[in-house]
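Each chain, written out:
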Amino acid sequence: MEPAAAAAGEGQRFKRIPRQAWSGNLELDPLLNENLEQWPHLNELVQCYKADFVKDDGKYGRYESVAPPSFQNQIFEGPDTDIETELQLGNARHSKPEDATEDDTPSTSGRQIYETGSSASSSKVHCSLSPLPAYEPAFDWENERSLIFGQRVPESLPAINNRFLHGLKITVKVLSLSFQAGLVEPFSGTICLYNRDRREKLSEDFYFHILPTDMQDAQISLDRRGVFSLDAPSPSVCLLIQLEKAATEEGGVTPSVYSRKEPVHLTEKEKQKLQVWSRIMPYKESFAWAMIPLFEGNHAGGLGDAASPSSPLAPSISGSSSQDSIVDPISKLTLDGKLNHYSSGSSVIVEISNLNKVKESYIEDSLHDPKRKVHKPVKGVLRLEVEKLHDSHNDVDNVSEGGSMANDLNDAGDLNNGRCSRSSFDGIRSSLNSSAVAQKYAHHNGKISDADNGDNFQAFDFRMMTRSEPFSQLFHCLYVYPLTVSLSRKRNLFIRVELRKDDSDIRKPPLEAVHPRERNTMLQKWGHTQIAVGTRMASYHDEVKISLPALLTPQHHLVFTFFHVDLQMKLEAPKPVIVGYSVLPLSTHIQLLSDVSLPILRELVPHYLQESGKERMDYLEDGKTVFRLRLRLCSSLFPVNERIRDFFVEYDRHTLHTSPPWGSELLEAINSLKNVESTALLQFLQPILNMLLHLIGDGGETLQVAAFRAMVNILTRRVQQESPDGAERNRFLINYVDFAFDDFGDRQAPVYPGLSTVWGSLARSKAKGYRVGPVYDDVLAMAWFFLELIVKSMGLEQSRLFYHNLPLGEDVPPLQLKEGVFRCIMQLFDCLLTEVHERCKKGLSLAKRLNSTLAFFCYDLLSIIEPRQVFELVSLYMDKFAGVCQSVLHDCKLTFLQIICDHDLFVEMPGRDPSDRNYLSSVLIQEIFLTLDHDDLSQRAKAARILVVLICKHEFDARYQKSEDKLYIAQLYFPLIGQILDEMPVFYNLNAVEKREVLVVILQIIRNLDDATLIKAWQQSIARTRLFFKLLEECISHFEHNKTGDSMLLGASSRSPDVERPASPKYSERLSPSVNAYLSEASRHEIRGTPENGYMWNRVSPQLSSPNQPYSLREALAQAQSSRIGSTARALRESLHPVLRQKLELWEENLSTAVSLEVLGITEKFSVAAGTRSITTDYAKLDCITSILMGLLSRSQPLAFWKAFLPVVYNIFNLHGATLMARENDRFLKQIAFHLLRLAVFRNDSIRKRAVVGLQILVRNSFNYFKNTTRLRVMLTITLSELMSDVQVTQMKSDGSLEESGETRRLRKSLEEMADVRSKDLLKDCGLPVTALEAAPEGSSDNRWSWVEVKHLSKCLVQALDAGLEHALLGSVVTLDRYAAAEGFYKLAMAYAPVPDLHIMWLLHLCDAHQEMQSWAEAAQCAVAVAGVIMQALVGRNDAVWSKEHVASLRKICPIVSTDVSAEASAAEVEGYGASKLTVDSAVKYLQLANKLFAQAELYHFCASIQELIIPVYKSRRSYGQLAKCHTSLTNIYESILEQEASPIPFIDATYYRVGFYGERFGKLNKKEYVFREPRDVRLGDIMEKLSHIYEAKMDGNHTLHIIPDSRQVNADELQPGVCYLQITAVDPVMEDEDLGSRRERIFSLSTGTVRARVFDRFLFDTPFTKNGKTQGGLEDQWKRRTVLQTEGSFPALVNRLLVTKSESLEFSPVENAIGMIETRTAALRNELEEPRSSEGDQLPRLQSLQRILQGSVAVQVNSGVLSVCTAFLSGEPATRLRSQELQQLIAALLEFMAVCKRAIRVHFRLIGEEDQEFHTQLVNGFQSLTAELSHYIPAILSEL
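About the criteria used
- Residues numbered from 1 in each chain as written.
- Predicted model: local features only at pLDDT ≥ 70, side-chain atom pairs only at ≥ 80, totals over all residues.
- Heavy atoms only, no water.
- Helix = DSSP H or I, 4+ residues; strand = E, 2+ residues; numbered from the N terminus.
- Buried < 20%, exposed > 50% of the residue type's maximum accessible area, 1.4 Å probe, protein only.
- Areas by Shrake-Rupley, 256 points an atom, 1.4 Å probe, with all protein chains shown as cover.
- Salt bridge = Lys/Arg side-chain N within 4 Å of Asp/Glu carboxyl O.
- Pairing = 2+ DSSP bridges.
- Phe/Tyr/Trp six-rings, centres within 6.5 Å; stacked < 30°, edge-to-face > 60°.
- Lys NZ or Arg CZ within 6 Å of the ring centre and 35° of its normal.
- Axes fitted to C-alpha atoms, helices over the stretch in contact; angles between N-to-C directions.
- Parallel < 35°, antiparallel > 145°, perpendicular 65-115°, else oblique.
- Left-handed = near helix turned anticlockwise from the far one by under 90°.
- Contact = heavy atoms within 4.5 Å.
- Nonpolar A, V, L, I, M, F, W, Y, C, P; charged D, E, K, R; others polar.
- Core = buried A, V, L, I, M, F, W, Y, C linked by side-chain atoms within 4.5 Å.
- Expected span 1.5 Å × (residues − 1).
- Patch = residues over 30% accessible without salt bridge, like charges linked within 9 Å, V, L, I, M, F, W, Y side chains within 5 Å.
- Polar contact = N/O pair within 3.5 Å; in protein donor to acceptor, adjacent residues only side chain to side chain.

Peer 1: Explain the overall build of the protein chain here, please?
Peer 2: Across its full length, the protein chain holds 58 helices and 31 strands. Looking at the protein chain as a whole, 56% of its 1841 residues are labelled buried. Accessible surface, the protein chain: about 78100 Å² in total, of which carbon and sulfur atoms supply 52%.

Peer 1: Just checking my understanding: could you explain the pattern of salt bridges for this structure?
Peer 2: Side chains bearing opposite charge may pair, as long as their charged atoms lie close to each other. Inspection of the entire model under this criterion finds 56 salt bridges. Glu788 is the partner of Lys59 in a salt bridge, and the nearest nitrogen-oxygen pair spans 2.5 Å. Taken together, the residues Lys59 in the loop between strand S2 (53-56) and helix H3 (83-98) and Glu788 in helix H18 (residues 783-801) connect sequence positions 729 residues apart. The exposure classification of Lys59 matches that of Glu788, with both residues buried. Two residues, Glu866 and Arg868, come together in a salt bridge whose shortest N-O distance is 3.9 Å. Bridged by salt links that share partners, the residues Lys59, Arg152, Arg729, Asp738, Glu788 and Asp860 form one connected network.

Peer 1: Help me understand the pairing of strand S11 (residues 347-352), please; the structure alone is not making it clear to me.
Peer 2: Regular strands have side chains that alternate between both faces of the sheet. A large share of S11 lies buried, amounting to six of its six residues. Of the two faces of S11, the one holding Ser347, Ile349 and Glu351 and the one holding Val348, Val350 and Ile352 are both buried throughout. Sheet analysis places S11 next to strand S13 (residues 380-389), joined by six bridges and oriented antiparallel. Bridge pairing links Val348 to Val386 in S13.

Peer 1: Help me understand the packing of aromatic side chains in this model?
Peer 2: Given two aromatic rings, their pairing is described by the distance between the two centres and the angle made by the two planes. By the definition in use, this model includes 48 aromatic pairs. One aromatic cluster in this structure is built from Phe460, Phe462, Phe471, Phe475, Tyr479, Phe647, Phe648, Tyr651 and Phe684. Geometry around Trp526 places Arg496 over its ring, the cationic atom sitting 4.2 Å from the centre.

Peer 1: Teacher, can you tell me more about the packing of helix H35 (residues 1183-1193) against helix H37 (residues 1226-1239) here?
Peer 2: Helices that pack against each other are described as a pair by the angle of their axes relative to one another and the distance between those axes. In the contact formed by H35 and H37, the axes pass within 10 Å of each other and the chain directions differ by 25 degrees. For the element pair H35 / H37, the angle class is roughly parallel. Once H35 is placed against H37, the crossing between them reads as left-handed. On the side of H35, the interface is formed by Thr1186, Leu1189, Met1190 and Leu1193, while H37 contributes Arg1227, Phe1228, Gln1231, Ile1232, His1235 and Arg1238. Here the contact of H35 with H37 is built from residues that sort into five nonpolar, three polar and two charged.

Peer 1: In this structure, what is going on with the nonpolar core? I would like to understand it.
Peer 2: Nonpolar side chains in soluble globular proteins tend to be buried together. By size, the foremost hydrophobic cluster in this structure holds 336 residues, and its most contacted members are Trp759, Phe785, Phe786, Tyr973 and Trp1442. Apart from residues lying up to four places away in sequence, Trp1442 is in contact with Met1431, Leu1434, Val1435, Val1480, Ala1483, Val1484, Leu1487, Leu1509 and Val1513. Val174, Leu177, Phe179 and Phe457 belong to the second-largest nonpolar core, a separate cluster that totals 43 residues.

Peer 1: Just to check I follow, could you spell out helix H7 (residues 268-280) for this structure?
Peer 2: Think of an α-helix as 3.6 residues a turn; residues three or four steps apart then line up on the same face. Relative to the 18 Å expected for 13 residues at 1.5 Å per residue, H7 spans 19 Å between its end C-alpha atoms, a close match to the ideal helical length. Burial in H7 covers these residues: Leu274, Gln275, Trp277 and Ser278. Buried residues belonging to H7 abut strand S8 (237-246).

Peer 1: Help me understand the packing of helix H16 (residues 752-767) against helix H19 (residues 819-841), please; the structure alone is not making it clear to me.
Peer 2: Between H16 and H19, the least distance of the axes is 9 Å, while the angle of their chain directions is 45 degrees. Classified by the angle between their axes, H16 and H19 sit oblique to one another. The hand of the H16/H19 crossing is left-handed. For the pair formed by H16 and H19, the contact residues are Tyr752, Pro753, Ser756, Thr757, Trp759, Gly760, Ala763, Arg764, Lys766 and Ala767 on the first element and Val821, Cys824, Ile825, Gln827, Leu828, Cys831, Leu832 and Glu835 on the second. Its residues assigned to classes, the contact of H16 with H19 comprises 11 nonpolar, four polar and three charged.

Peer 1: What am I meant to see in the pairing of strand S22 (residues 627-635) here?
Peer 2: Counting buried positions along S22 gives seven out of nine residues, so the element sits mostly inside the fold. Where strand S15 (residues 476-500) and S22 come together, nine bridges link them in antiparallel fashion. Within the sheet, the bridge partner assigned to Val485 lies in S22 and is Phe627. Bridge count for strand S21 (residues 593-598) against S22 is six bridges, and the pairing is antiparallel. Bridge pairing in S22 links Ser594 to Leu631.

Peer 1: So what exactly am I meant to see when it comes to the environment of Gly251 here?
Peer 2: The residue Gly251 is located in the loop between S8 and H7 in this model. Since its relative accessible area comes to 73%, Gly251 is described here as exposed. Distance from Gly251 to Leu567, taken between C-alpha atoms, is 9.3 Å for residues 316 residues apart in sequence.

Peer 1: Looking at this structure, I do not really get helix H29 (residues 1022-1038). What am I missing?
Peer 2: Helix length check: H29 (17 residues) gives 24 Å between terminal C-alpha atoms against 24 Å at 1.5 Å per residue, within 8%. Residues of H29 that are buried: Arg1024, Thr1025, Phe1028, Phe1029, Leu1031, Leu1032, Glu1034, Cys1035, Ile1036 and His1038. Next to the buried residues of H29 lie helix H25 (963-982), helix H26 (984-989), helix H27 (992-1008), helix H28 (1011-1017), helix H34 (1138-1171) and H35.

Peer 1: Would you mind showing me how to read unusual backbone geometry here?
Peer 2: Leave glycine aside and you will find that most residues have negative phi; peptide bonds, for their part, are mostly trans. For His607, which is not glycine, the phi dihedral falls at a positive 55 degrees. Tracing the backbone through its elements, the reader meets His607 in the loop between S21 and S22. When its relative accessible area of 37% is taken as the criterion, His607 is described as partly exposed. A positive phi is found at Glu621, a non-glycine position, where the angle reads about 50 degrees.

Peer 1: Explain a nonpolar patch on the surface to me, please; I cannot follow it from the model alone.
Peer 2: Nonpolar side chains collect at one region of the surface, where Leu592, Leu593 and Val640 lie side by side and expose about 220 Å² of accessible area between them. Its relative accessible area of 35% is what places Val640 among the partly exposed residues.

Peer 1: Explain the environment of Asn690 to me, please; I cannot follow it from the model alone.
Peer 2: Its location among the elements puts Asn690 in helix H13 (residues 685-698). The residues contacting Asn690, other than those within four sequence positions of it, are Glu44, Cys48, Tyr736 and Phe744. Separated by 2.5 Å, the side chains of Asn690 and Tyr736 make a polar contact.

Peer 1: When you look at the environment of Asp913 in this model, what are you seeing that I'm missing?
Peer 2: Residue placement: Asp913 occurs in the loop between helix H22 (887-901) and helix H23 (919-932). Counting along the chain gives 45 residues from Asp913 to Arg868, while the straight-line C-alpha distance between them is 8.4 Å.

Purely geometric numbers; function is a separate question.
Have a look at this one:
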């Protein structure tokens, strides 16, 4: 992989940063341009301030990341949500108006990241989103680096152009001056910063001139700004403004016109006078002054340093008063005068109306004298514009996310001085505004940052001289302040100041050294003060700035000349007259600040400086020192400190070889540097360091050592202690190394050999045990500085060597170190390592710092020398810290690796041997894996973190975006996966967070690997391949998206999270730990305005509002639980700003999506590889594939995943269908079926369609491998039943009743669509080929797919669904309506018939229900059915004692038992289900249960048949005891049957009723008839009451329930709507061989002659009716209708009621009725007479029944039956209507009846005893009188009897 370093610097590592000299610093001084060679120290100093900075661009790492991927919302659907459609609709609504804003809004739009195209290959899926960006979405390399222990932090450029390193900058611009009287003459003035408490001037003066309006040629001086620097805002800092005007003409217009009370305008004459005078009068007098506090003191509610509204930099800028104050705060507030602010942008316009007029000249110090009277205020206004400036050196680096400069926020803070942080008012508002101000600045920046252009006057900040920091500019000036002159007579006095080189001749011109007051003019020869008019004691407040020569000689001096001038207009302009002189030699007064008093000379004679001439001089005022002045020296060339001056001098002598060669003075000077006080030392730090380094570089050994020691001493004792924030790398030193140090710009040999030698020898002496003094420890503390110097020196040498002769675009070759130097560095490194090792064990913090320093040393060297040389250092380190060592040491080792591996070219590093791959990465992987096995938890977390950060760094690196680069990187890290697979326990030991870290890395590596490498990983062994997929399963479970509860449920492992780091709150378990930090950071700044996408609080994504009510009880519970457990994380999340929370959710869902898709992609690759058998895995089960698919399916997945999922599954089944459909994989198949059915319930159509196609794919494979779908049907039936327990099948209607739920409807729809022939479009939609469903096995062309069978399958499933639904709908009435409940169970049992287990389960439920209702026969039938299922399966398997005949005999009892023992039962062998539970014993158990229940129902003949089925089992087992029991019970059974038969009252086992239902509210029952089987004691009234009770509950307010009283046929259409009718009729069962056409009345007891199975499926009832419309008629009109009902199935059945399937009716005419009636009686009597009785003993019952029948037949008065027949049919008119045949039949019947009666009476006589004699007589009399009656109608009767 070719190095990407071409980008790294086009062969140029170092960047030159030119210094800008600040304006106002005119070319420093012509004197400096002399030849400096003879003053090496000056040369060094000037070089120090002038040379360009040299910055090593790569030192702090360079990293360009690609733009972060944009995340789309992933849609996670629940069964009842359809977010996708909502979003699409939402988008359709929004898209029109909002096209433009699309980029600003986070993409909650439903746009998918990728749509898998219609092609079946899903390789595209794999290229979608990577898990890493979503896991580490806030990856910030800078931030991650800063967390490394001992990280080097770059300093920004030393402030060059604004000569202060901190604090504020303020610009002031004079806008205008206006007087009430009018502005006629020119004014000028000065502005400076002044500290009114200390009465100290803080800056030099800024001059301005104001011309009257008519004299202004162009706004000359007004567009110039003064720029002032401030340390920190303080109430005592003011702007001191002093105005001056031309000195007043005697007798002219006095300045008092400007301060008159009453408004007066100047007259024309006065104006003219003033104008003329001001033109000829060059000298000025003071006019007025004002002091403006910049920051007001404690007014603002006790906020000490906050600005008050009245001071110019008050928060009115930053919006305390009102939201809009930035735009328009014309809040006119007054401060002792009238001070108005107008503000535009960031500047404030200040109107100063409190100008104090002065009467006489003054010195600044006296302004605050309480004795001084304040004079009248001037009636005028001076307008200034005051503006707070930005640091103009803001690097682009600090532009933060929001787009405003990172420092703006702090600056805005300064504006209202921390007001926003501790604000007493609405915090959000203020900081919003302050950032808005900051934004304004950022725009202003363009204008202002050229504050350094000529227009702006940078006022020198006097505090520079007292600060403890290195000078960064060349300045060398003297400020002269004449203060007072006291003379004995009044004069108009002013002073001229000049600088002279020598005193040889006063007529020679002075040096041009005085800074002018006007802009853009050259240095002048002299400067003037104002005139002190008419006073003996003249006071001045002028400032004269003089540039000094580079070398001060004793001859240099200042000359002051005192002039008097007449202020009267004579013929010509007034001329000044010299009054006297004063002289001040400079060299005697070199201090920072000195006050001097001088006498005044009348004349200057040549050589006036020399002592000898002093006597001859003539002084004014008797030589008293009447002239007081103040000097202020500001110089970065001339040290005030003597020791430093000495060192400079000795250095010069040494360098120019003018000193004696042994150089002891220099040694002394060097040693005495230790005693210099620190401010002075710091100010000249850079030049001193340069000089010492020079000595170390090429002095002799003694000097080298001395210089080194002095340097170490200075650095540790002086500089480091001055470090303001206690930072370990002092910023002055950082600036020195990073910017200033350039190794003498190639003017002499590089420093590093000398430096490393000196230090190396020191270290070696220590190692050998010599005493080396404190310097050794000091040098350790400062090691970073020296190592960075060495490295920079090497780097500079490298780039200088190749600077000219390097072809463009080529890399600088590594620097070849001399053997000796490298050896020296190795030794030094070794010594330092030993120190780290030793001190670490003692737990000293220095050790850890030193460790980081060494790491950075290696890091830097990697870019300069041959990497393999650096690897020697690294391996030296690794040897020292080998293996798993103590925690502290291990931590050091990790930090070391962390730093080195952060190198820009880490990826491109070579191996140690030419044949090896990247040496560093192999060391890293080795160590990280070791650490993951380490006991210390914090180490583990750290190792995992290092890994993730590195992988992120590579992934987002703009240089490595090509796929081959990514592949190379993946291969570098690939060994890690190998190590984990080799030792999985290490992985399993990690806690959840670390596991996630490792897994994300693994996924990222695999993602970028090529297939070949992956396949290699799978070729080693079955177990290893399996472990590989175990890791993937871990991925699925650890990154699962669970929306409802936070992951606290899954929780990390029980171990506590590591304690060391301050635990940042956990907002998310899923994402990288750094996200938590990012979020807590973000929520701290949350109020800072809007985030980058401009979202405000109220716009929340639809995600947040989508309904996620729990859809089943389980989930509701889980939710409740998770909210209890995960309350902390949940609460934290809730506390986030909605925008952040939305981001967090977006990331989490994308992470989970990416992981699932990634795993899916890998699985597909694996399946393809397995298809070609090129890997090792368990081909019999393919458990790797099945476990992953199951893992994916069982977690909630987003839409994108489902879209990608089908094609993959299709391909996998295509390749491995046979294996996957095989018995071994039943469990997998069942799971797949379950999840497909689960998805078929979803409301989202995209998912539901895919589920349907998924089911079709299963069906297709079933056809393909089994030619039918039997097994699949069983499978689906089972899973459907499992699903039904999970899905909420019903939902409440508003009236509280239940109805079918949406889920059920959708599931039914899906099941029906499965068999829909038009499924091609569906396939296309799901990205499958149109032919996907054709099932043709290899090599044959016939398609095995059969729609018929699929339809059957679909129907079966829908039936099961409906049964379940119906059962659920009964939910509320189960206890009430037992019939419906039983029917529900029955339907379920039938629907699940293909699956024995389920079939049996529901049958047993049904059995229990019946037992509760005491329907014993039905319960027994259920038990028989269960036994039947088991017997069938056993017979089918041929492993039972029974045969098909036995099954058939069982079927006689329970017709539901089917005889065709097919393959279905055996097909039902599904894991956990099926025939495995079906044993002979269980069959016997259920047969015995049936036996018991039939006995309870008293249906003994059934018991007999059942016993006969049990006996063969015991016979085959030879269990005689059991056989004996069986036979005993058989005996009992038969005896019970006999008993039943012998009973005179015929035995009835049940009563039967026909019930018809008519009415809408009956639902499915409407217009249907049922036969109910009820216990034998239930009468008609009972059942009526029972049914009306059940159904009244179902009526609502609009319906009432009626019972139809008779049994006539009902015409449903004629019934009135809104009423529900029940028709209940008692019916009789019909025997198998009964003649239904017989006209006899049926007497049930007649038919129970023999033992027969009481199995009934036909029932009849007779209804009398008349045809003439009368409700009741005589016998001659009474017809009879006999109705026969056929039921569906026979009783006793599995349920209590059966549907009437067929109903037929016969009609009997009145005469047939009569004949039937008579025949019935005859038969009854004959039956009684002929019945054989076993013995004479039971005569009694016979007698009784005979008496009963005879009494009803013969007694005339009792029964008019026979007689009434005669009167009805044989007399008069009806007789003529009868056909002769009917007449014959009637007469024959009557005759036969009488004959039988006669016989019966005879028998009666034989049977009776004494007591019945009387009864017998009655019978005989009755019979005789009946005969007599009948003879009237049938004369023949007498002869017959």
